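# Summary of the model geometry
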Amino acid sequence: QVQLVESGGGLVQAGGSLRLSCAASRSIFRFNAMGWYRQAPGKQRELVASISSGGGTNYVDSVKGRFTISRDSAENTVYLQMNSLKPEDTAVYSCAAKSYASSPWDYWGQGTQVTVSS
């Protein structure tokens, strides 16, 4: 049973920073990709950032230049560094992982709340 455990959410003022962590119960290189989703009240869930097993990264346009996804293979952990936060970044952020490129996101964390005050 693969587990993903997020931490690092909280309340921050606009312009501030937070770093989210996602600790996996197995080697992150056994996943094809890992990512961070977010869902704000009344909105659809969106993929914010992802990192492939080869290290390639992708970001949704709204966070490019502000958010950085990275990983620490020794700790089996993926991070999301969020800078210059805006109130519209307020959401529940969830870590996800997929086993194959063509598969859906197989594994999910429980989510962590990020609230950005204006």
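Coordinates for the structure precede this section.
Positions within a chain are numbered from 1, following the residues in the order the chain's sequence is written. Since the coordinates come from a predicted model, pLDDT governs what is reported: local features require at least 70, and pairs of side-chain atoms require 80 or more to be given and counted, while whole-chain, interface and lining totals use all residues. In computing side-chain properties, one takes all heavy atoms of the structure into account and sets aside hydrogens as well as water.

By definition, a disulfide links the sulfur atoms of two cysteine residues through a covalent bond. In this description, a disulfide is simply a cysteine sulfur pair whose atoms lie within 2.5 Å. In the structure shown here, the tally under the stated rule is one disulfide. Across the disulfide from C22 sits C95; the S-S distance is 2.0 Å. Its S-S torsion of about -75° marks the bond between C22 and C95 as left-handed, since a negative value means left-handed. With C22 in strand 3 (residues 18–24) and C95 in strand 9 (residues 91–98), this residue pair connects regions lying 73 residues apart in the sequence. Numbering of helices and strands starts at the N terminus; helices are DSSP runs of H or I of at least 4 residues and strands are runs of E of at least 2.

Moving on to unusual backbone geometry. In the Ramachandran plot, N76 falls in the positive-phi region, its phi being about 50° despite a non-glycine side chain. Along the chain, N76 falls in the loop between strand 7 (67–72) and strand 8 (77–82). Notably, S84 is not glycine yet its phi reads approximately 50°, a positive angle. Within the element layout of this structure, S84 appears in the loop between strand 8 and strand 9.

A few words on the pattern of salt bridges. Between Lys or Arg on one side and Asp or Glu on the other, a salt bridge is scored when a side-chain nitrogen of the former is within 4 Å of a carboxyl oxygen of the latter. For the structure shown, the criterion picks out four salt bridges. E46 is the partner of R38 in a salt bridge, and the nearest nitrogen-oxygen pair spans 2.7 Å. Classification of residues uses two cut-offs on accessible area relative to the type maximum, computed with a 1.4 Å probe and protein chains only: under 20% is buried, over 50% is exposed, and between them is partly exposed. Residue classification places R38 among the buried positions, given a relative accessible area of 7%. Residue classification places E46 among the partly exposed positions, given a relative accessible area of 29%.

Let us now look at the environment of S94. Among the structural elements, S94 can be located in strand 9. For the pair S94 and F31, spaced 63 residues apart in the sequence, the C-alpha separation amounts to 16 Å. Every residue in contact with S94, bar those within four places of it in the chain, is listed here: E6, G35, W36, Y37, W108 and G111. Contacts between residues were defined by any pair of non-hydrogen atoms, one from each residue, lying within 4.5 Å.

It is worth spelling out the pairing of strand 8 at this point. Taking burial as the measure, the six residues of strand 8 include five buried ones, the bulk of the element. What makes two strands pair is DSSP finding at least two bridges between them. In this structure, strand 3 lies alongside strand 8, joined through six bridges in antiparallel fashion. Each residue of the ladder has a partner; that of L18, found in strand 8, is M82. Bridge count for strand 7 against strand 8 is six bridges, and the pairing is antiparallel. Residue pairing in the sheet places S70 in a bridge with Y79 of strand 8. In textbook terms, the turn of a hairpin is the stretch between consecutive antiparallel strands, and for strand 7 and strand 8 this stretch comprises four residues, one of which, N76, has a positive phi near 50°.

Spatially, 1-3-8-7 is the arrangement adopted by the four strands of the open sheet, whose pairing is antiparallel. In the strand order of this sheet, the two ends are held by strand 1 (4–7) and strand 7, each with one partner. Between one strand and the next, the sheet's axes are offset by a mean angle of 15°, whatever the strand orientation. Each axis is a line fitted through C-alpha atoms, and for a helix only the stretch in contact is used; angles between axes span 0 to 180 degrees, taken between their N-to-C directions.

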